[in-house]
Amino acid sequence: MRKQIIWLSILIVVMAVSSVFALRHTDALATAPWKTEFSFANISHISLDESGQQVVIIQSQSKLMSVQRDGTVQFEVSKGRTSAQSISHFTDAVTDADGRVYAVVTKLDSYGLYVQSEKIVSYSPTGAQGKTIYELNYEQPSGLERIGNIRSLQIRDQQLYFYSLQGEQTVQYAVDLSEPAGKAVTAEPVMQRQLSLPADIHISELAGTEADHLYLVTRRGKLYQWLPSGQVKQVYPPGQSESWTGVTVPENLQIDSLNRLVFLNMDKGQVNRLSPDSPYQVESLISADTFKERGQERDMLDVQELYASPNGSLYVAFSDQIYERDANGNVQSVLASYQYPSSTTYFRWGYVALLAGLTLLFGYTLYFVYAYMMNRKISIMIKQIAVFIPIILAAMALLSYVIYESYAHKLKEEIFKEYALIAHTGSLVIDGSELEKIDSAADFLSPAYVKLERMMKSIFGGNDRFDHTGNYHTLYRATQEGLYVIHDNDDQVNIYTPFEFNEENLKVLQQGEVITGEWADANGEWVYAISPVFNENREIVGIYETGTDLIGFKQHEREMLMKTVQHMGMISLLLLLLFVAMTIYFLSSLRKLRKSVVELAEGNWHTEVHIRTKDEVGDLGDRFNQMARQIQQYVTEMTEMNKVYYRFVPQQFLNFLGKKSILDTRLGDQKEEALSVLTVNMRNFYQRSAQLTPEANFAFINRLFSHLGPVVRKHDGMVSQYLGGGMMALFPDEAEHALQASIAMHRQLEAYNEQQASTGEEPISIGIGIHRGPMMVGIIGEQERMEGKVISDGVNTSMMLEQLSSELACSILATEEVIDAVEDAERYQFRNLGVIQVMEGEEPIRVYDVYQGESEFTRVKKHETKALFEQSVEMYQHGRFFDAREGFLAVIKHHRMDKAAQHYFYLSDHYYQNGISAQWNPVLQLQVS
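Positions within a chain are numbered from 1, following the residues in the order the chain's sequence is written. Only residues with pLDDT of 70 or above have their local features reported here, since the model is predicted, and side-chain atom pairs are shown and tallied only from 80 upward, although totals for entire chains, interfaces and linings are computed over all residues. Note: side-chain values were computed over all heavy atoms of the structure, leaving out hydrogens and water.

How should the overall build of the protein chain be read in this particular structure?
Numbering of helices and strands starts at the N terminus; helices are DSSP runs of H or I of at least 4 residues and strands are runs of E of at least 2. The secondary structure content of the protein chain amounts to 20 helices and 42 strands. Accessible area is worked out with a 1.4 Å probe on protein chains only. A residue is then buried under 20% of its type maximum, exposed over 50%, and partly exposed in between. Across the 929 residues of the protein chain, 49% fall into the buried class. In this description, contact between two residues means that some pair of their heavy atoms is separated by no more than 4.5 Å. Across the protein chain, the fraction of contacts at a sequence separation of at least 24, relative to all contacts at a separation of at least 6, is 57%. Note that accessible areas follow from Shrake-Rupley with a 1.4 Å probe, and for residues the cover is restricted to the protein chains shown. As presented, the protein chain carries roughly 45,400 Å² of accessible surface, and 52% of it is formed by carbon and sulfur atoms.

Here it is, written out as structure tokens:
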């Protein structure tokens, strides 16, 4: 017996060591060892050194490869999910003469959309990661989509150049690479020059290293030269912009050995070249006809990257192949596939042999153990455990897999339905007449573009771009010339980028259907839904697309699988403990039990085992039935909980929609009319909340709402939703009701503060914003998930005013639409704050300070200075800054806490002292957090 134990111990140790080695090298199974040549998939970037060594980014930007000119892989580095909260990919890379590679590694959120950080990382000629040369970390949410602010890595004269976009500043850095071959780079980035751009220039790409040859492309499709003086000069399109007939943005900007500009012209489907000194002479270097002459069909929309080599050659990368145009104009394929060195192939064969040997060794160990145990006189309980533990574990593993697959399949179907509904909503919300106003890249951030962007944001019910976590949306315009991207949640995609017609989008354009599907490109894998966009004549003029990166879906699948495994693991543990407790083995009862386990694994949740024996096996049968009922109850509870959750509709919307109960609601029930929306929020709520326990927090919030909610209902309003320390209320009838409610809230709050003062509590201060306009209230969703929703820009306006009230130290701010809708408005105490623009790109609005709800002291002070304040605002708007400054100074002397007067005073003094530019306008521009 001792000899058998020694042999068993040796087998276990060998298997453990082999298993550890195999787990650390699982990447060896990424490709079959007998496959020696591989085709490129989704090339997104290329770069070359002087010897022809190429750096290629492939597979949805997840893999970086250093490839020799003959296609042999020098090394490869893969990125992907780095944690549950983030993933990483490569966006740019270059290589120096010593074979070292420098790459931009961008870390995105868990959905693969928004940038969290980015850095330039160096890799040795063997692929070992070296020093991080430059790094940027962004506050979340960053607002950068899939690409950050580090742009245009270039190597020249043993210097690594790159650009960093820093707000309104663009900075060029250089890093000294003159370290001996084989040594890591130790130099730090040194700033070379800095450029301040006008507000209307938005950079798309940059190129160049020398001071006399620096160029940038804007999102409006113009190409500028960055002069040594720090100014910019338009190079392309030549002359005035009115003479420009192109519609797309020049892409993949390169500078060749003769300092000529090479770029991809998507409008014409060509690779063009021009000299900055003769911008009217644009050459066509490569087009689809170039490949037809060689007997090949290549779509120029598939061009992913250009690279201008110092030797005069131009390299063009399609998604699956790289071509070279030499200095004589000859075009040939230089890299269509790659292969690994023989050492890698031998290692993979060795790894497969190791797995085969490990499998045989494991099988022999099992045979040895079972043959030894079953042929010896050992307790039947031990034999039972040895036989049935693998069976039960396998059955539970199968059950976990069945539950997981079933739920995952159903979840995916629900995702498709959800995005089909969102796409349909986009078809209703987006105005195709505004889309028709976008004719070229020159319309970037035009009024029509801003309106379309606002419409797309409203589809997700948020007032900023980060409400739709994990989702993306793209808007296309369809013309007789083709299909063009107008807006996309990817900063790498320019406005008016051509998009090829396919069977699905043609079906949408021709039949007006909503279509769902999946696809993959150089940027990732996606699930999507597309729908038609109509103009005012109900003509289809574009396509709206929405979807999500499958990274987020796969993350959810993994989390669901882990939960399923945990539940099944606990159930398996219970079942195994019951088996250990058995003392007598009845084959007939055990066969029944085994049959029931198999049925349960096949998804028959109502399975029961009927064992009549009054012993341990009978008890086991009862415990199995109890376990089956728990599983059935668990599945039933999850199903019912989802049904209730998906069909929940807020009660306050029912009366407005004319419904008696939630059972009367139907998908699509809606009502549109002019409403007044009031947003109220407690100031310093989160600071106060941080000082309270969770129980005290909820008691405090509910106590506040119990005072404010009745005021809303008393004035014929309804609470739409709660906002942390505040609420949003709708007033369907008179605008005066909202005004009266806001004043009454402050009166109620005064009484509340006086009441709480005796307990030592700090007084509460609130801000209120009111706006009136057309709004849609209705039920959105699908049959299994409904929700009451208000769709209107007015909601965003009221929230913005509430935030602005804190900035201006006002209790109530109302728009001109509210004041105009109130009959005999002079009965209320208010003053005109002028025209205010809170966020860049938003339309300015006229705002009124309703000070009737403030304290007696403030109310008297503002009323006494009302005429002087409004007169000073008028003088400021007419450019009489000296008179305006003196007027606001008089207001401040009378009421030192008047922040609105302070803002105007500082601006008037600034403009009086320094003068104004030609673009000055009288709008008061403020920023709120």
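Teacher, can you tell me more about the nonpolar core here?
Within soluble globular proteins, side chains that are nonpolar tend to cluster in buried spots. If you look at the biggest cluster of nonpolar residues, it comprises 42 residues, and the most contacted ones within it are L223 and Y544. For L223, the contacting residues outside a window of four places in its chain are Y215, L216, V217, K233, Q234, V235, Y236, L253, L261 and F263. Grouped together as the second largest cluster of nonpolar side chains are 37 residues, F685, A738, I743 and A825 included. Residues enter a nonpolar core if they are buried and are Ala, Val, Leu, Ile, Met, Phe, Trp, Tyr or Cys, with the set joined through side-chain atoms within 4.5 Å.

Please clarify how the side chain of D92 should be interpreted in this entry.
Looking at the element boundaries, D92 is found in strand β7 (residues 86-95). Residues scored as positive are Lys and Arg, those scored as negative are Asp and Glu, and His as well as the terminal groups of each chain are ignored. Put simply, a salt bridge is a Lys or Arg side-chain nitrogen that is within 4 Å of an Asp or Glu carboxyl oxygen. At 8.3 Å, R151 is the nearest oppositely charged side chain to D92, a buried residue that forms no salt bridge. Side-chain polar atoms of D92 contact the side chain of H45, separated by 3.2 Å. Looking at D92, its side chain comes within polar contact range of the main-chain nitrogen of L153, at 3.0 Å. When sequence neighbours within four positions are dropped, the list of residues in contact with D92 reads H45, I57, Y102, A103, V104, S152 and L153. Polar contacts, as used here, are pairs of N or O atoms within 3.5 Å; protein pairs need one atom able to donate a hydrogen and one able to accept it. Residues neighboring in sequence count only if both atoms are side-chain atoms.

Looking at this structure, I do not really get the confidence of the model for the protein chain. What am I missing?
Should pLDDT be low for a region, the predicted coordinates there are not to be read in detail. Each residue carries a pLDDT score, the predictor's own confidence in it, on a scale running from 0 to 100. Mean pLDDT over the protein chain works out to 82, with 87% of the residues at or above the 70 mark. The low-confidence segment residues 241-245 (pLDDT under 50) makes seven contacts with residues lying over four places distant or belonging to another chain. pLDDT under 50 marks residues 642-650. Its contacts with residues more than four places away, or in other chains, come to 19 contacts.

What am I meant to see in the packing of helix α19 (residues 881-894) against helix α20 (residues 899-914) here?
When two helices pack together, you describe them by how their axes are tilted relative to each other and by the distance separating the axes. Across the interface, α19 lies against α20 with an axial gap of 8 Å and an inter-helix angle of 150°. Considered as vectors, α19 and α20 are oriented roughly antiparallel to each other. For α19 against α20, the interelement crossing comes out left-handed. Across the interface between the two elements, F881, F882, A884, R885, F888, L889, V891 and I892 of α19 pack against A901, Q902, Y904, F905, S908, D909, Y911, Y912 and Q913 of α20. Think of it as three bins: nonpolar holds Ala, Val, Leu, Ile, Met, Phe, Trp, Tyr, Cys and Pro, charged holds Asp, Glu, Lys and Arg, and polar takes everything else, Gly as well. Across the contact of α19 with α20, the residue classes break down as twelve nonpolar, three polar and two charged. To get an axis, a line is fitted to the C-alpha atoms, and for a helix only the part in contact is used. The angle between two axes follows their N-to-C directions and goes from 0 to 180 degrees. Note on angle classes: values under 35 degrees are labelled roughly parallel, values over 145 roughly antiparallel, values of 65 to 115 roughly perpendicular, and the remainder oblique. Note: crossing handedness is left-handed where the near helix turns anticlockwise from the far helix by less than a right angle, and right-handed where it turns clockwise.

Hey, could you run me through helix α7 (residues 503-511) in this one?
Three- or four-residue spacings in an α-helix give side chains the same orientation, since the helix completes a turn every 3.6 residues. Among the residues of α7, N505, V508 and L509 are the ones counted as buried. An end-on view of α7 places all buried positions within 90° of arc, on one side of the element. Residues of α7 that are exposed and point more than 90 degrees away from the buried face comprise E503 and Q510. The N-cap residue of α7 is N502: its side-chain oxygen and the backbone nitrogen of E504 are 3.1 Å apart. Downstream of α7 by one or two residues, G512 has phi in the positive range, about 70°. This arc is built from the directions going out from the helix axis to the C-beta atoms.

I tried to follow the packing of aromatic side chains on my own but got confused; where do I start?
Each aromatic ring pair is characterised by the separation of its centres together with the angle its planes make. Only Phe, Tyr and Trp rings take part, Trp by its six-membered ring, and two of them pair if their centres are within 6.5 Å. Stacked means planes under 30 degrees apart, edge-to-face means over 60, and tilted covers everything else. Under the counting rule described, the total for this entry stands at 31 aromatic pairs. Plain terms: the ring middles of F830 and Y848 are 5.6 Å apart, the flat faces sit at 80° to each other, and that makes the pair edge-to-face. Here F830, found in strand β40 (residues 830-837), pairs with Y848, found in strand β41 (residues 845-850); they are 18 residues apart in sequence, far enough to count as distant. Judged by its relative accessible area of 7%, F830 falls in the buried class. Note on F882 and Y912: the rings are 5.3 Å apart at their centroids and 50° apart in plane angle, and the pair reads as tilted. Taken together, the positions of F882 in helix α19 and Y912 in helix α20 put the pair 30 residues apart, joining distant regions of the chain. Within the aromatic cluster, the residues linked to one another by ring pairs are F869, Y876, F881, F888, Y904, Y911 and W920. Its guanidinium or amino end placed over the ring of F318, R298 lies 4.3 Å from that ring's centre, counting from NZ or CZ. As a reminder, the over-ring test applies to NZ of lysine and CZ of arginine, requiring each to be within 6 Å of the ring centre and within 35 degrees of the ring normal.

What am I meant to see in the sheet that holds strand β11 (residues 150-156) here?
Think of a sheet as strands paired side by side through backbone hydrogen bonds, with each pair either parallel or antiparallel. Criterion used throughout: strands pair if DSSP finds at least two bridges between them. With antiparallel pairing, the four strands of this open sheet are ordered in space as β11-β12-β13-β14. Here the strands that pair on one side only, and so sit at the sheet edges, are β11 and β14 (190-196). Adjacent strand axes in the sheet meet at a mean angle of 20°, parallel and antiparallel pairs treated alike. Pairing of strand β13 (residues 169-176) with β14, which is carried by six bridges, proceeds in the antiparallel orientation. Note that in β14 the partner of A174 across the bridge is V190.

Quick question: what am I supposed to make of the packing of helix α18 (residues 866-877) against α19 here?
The geometry of α18 relative to α19 is characterised by a closest axis approach of 8 Å and an angle of 155° between their N-to-C directions. By the angle between their directions, the pair α18 and α19 is classed as roughly antiparallel. Between α18 and α19 lies a crossing whose hand is left-handed. For the pair formed by α18 and α19, the contact residues are L868, F869, S872, V873, M875 and Y876 on the first element and F881, D883, A884, G887, F888, A890 and V891 on the second. For the contact of α18 with α19, the per-class residue count stands at ten nonpolar, two polar and one charged.

Help me understand unusual backbone geometry in this model?
Negative phi is the rule for most residues except glycine; trans is the rule for most peptide bonds. The peptide bond linking Y236 to P237 adopts the cis configuration, its omega dihedral lying at -5°. Counting through the fold element by element, P237 comes out in the loop between β18 (232-236) and β19 (251-255). Of note, the phi angle at D157 is positive, near 55°, even though the residue is not glycine. By the secondary structure assignment, D157 is in the loop between β11 and β12 (159-166). If you check the backbone angles, Y496 has positive phi at about 65° while not being a glycine. With respect to the helices and strands, Y496 occurs in the loop between β29 (483-488) and β30 (497-499).

Looking at this model, I keep getting lost on the environment of Y102. Mind explaining?
By secondary structure assignment, the location of Y102 is in strand β8 (residues 101-109). Classification of Y102 by relative accessible area gives buried; the value is 0%. The spacing of Y102 and I120 is 18 residues in sequence and 6.5 Å in space, taken between C-alpha atoms. Ignoring any residue separated from it by four or fewer positions in sequence, one finds Y102 in contact with D92, A93, V94, D96, V121, S122, I133, L153, I155, L160, L177 and V185. Separated by 2.8 Å, the side chains of Y102 and D96 make a polar contact.

I'm lost on the environment of D669 in this one. Help?
With respect to the helices, strands and loops of the structure, D669 is situated in the loop between α11 (652-657) and β34 (670-682). Spatially, the C-alpha atom of D669 lies 5.3 Å from that of G778, the residues being 109 residues apart in sequence.

Help me understand the pattern of salt bridges, please; the structure alone is not making it clear to me.
Where side chains of opposite charge bring their charged atoms close, a pairing between them can arise. What the rule picks out here adds up to 26 salt bridges. Between K63 and E76 there is a salt bridge, with the nearest N and O atoms lying 3.7 Å from each other. Taken together, the positions of K63 in strand β4 (residues 63-67) and E76 in strand β5 (residues 73-78) put the pair 13 residues apart, joining distant regions of the chain. Through salt bridges with shared partners, a single network forms among R831, D849, E854, K862 and D898.

What is the right way to look at the sheet that holds strand β3 (residues 54-58) in this model?
Spatial ordering of the open sheet is given by β2-β3-β4-β5, a layout of four strands whose pairing is antiparallel. Edge positions in the sheet fall to β2 (45-48) and β5, since each of these pairs with one other strand and no more. Averaged over all neighbouring strand pairs, the angle between strand axes comes to 15°, with direction disregarded. The sheet contact formed by β2 and β3 spans four bridges and is antiparallel. Bridging from a neighbouring strand, H45 pairs with I57 of β3.

Is there a simple way to think about the side chain of N272 in this case?
As for its position among the elements, N272 is in strand β21 (residues 270-275). Overall, N272 belongs to the buried group, its relative accessible area being 2%. A polar atom in the side chain of N272 sits 3.1 Å from the side chain of N265. The contacts of N272, once residues within four sequence positions are left out, are L261, V262, F263, N265, V282, E283 and S284.

What should I look at first to understand the pairing of strand β23 (residues 303-308) in this one?
Remember that side chains alternate between the two faces of the sheet whenever the strand is regular. Among the six residues that make up β23, five are buried, leaving the element largely enclosed by the rest of the structure. In this sheet, strand β24 (residues 314-318) lies alongside β23 in antiparallel orientation, the contact comprising five bridges. Across the sheet, V303 pairs through a bridge with F318, a residue of β24. Following β23, the chain reverses through five residues before pairing antiparallel with β24; G312 in that reversal takes a positive phi of roughly 95°.

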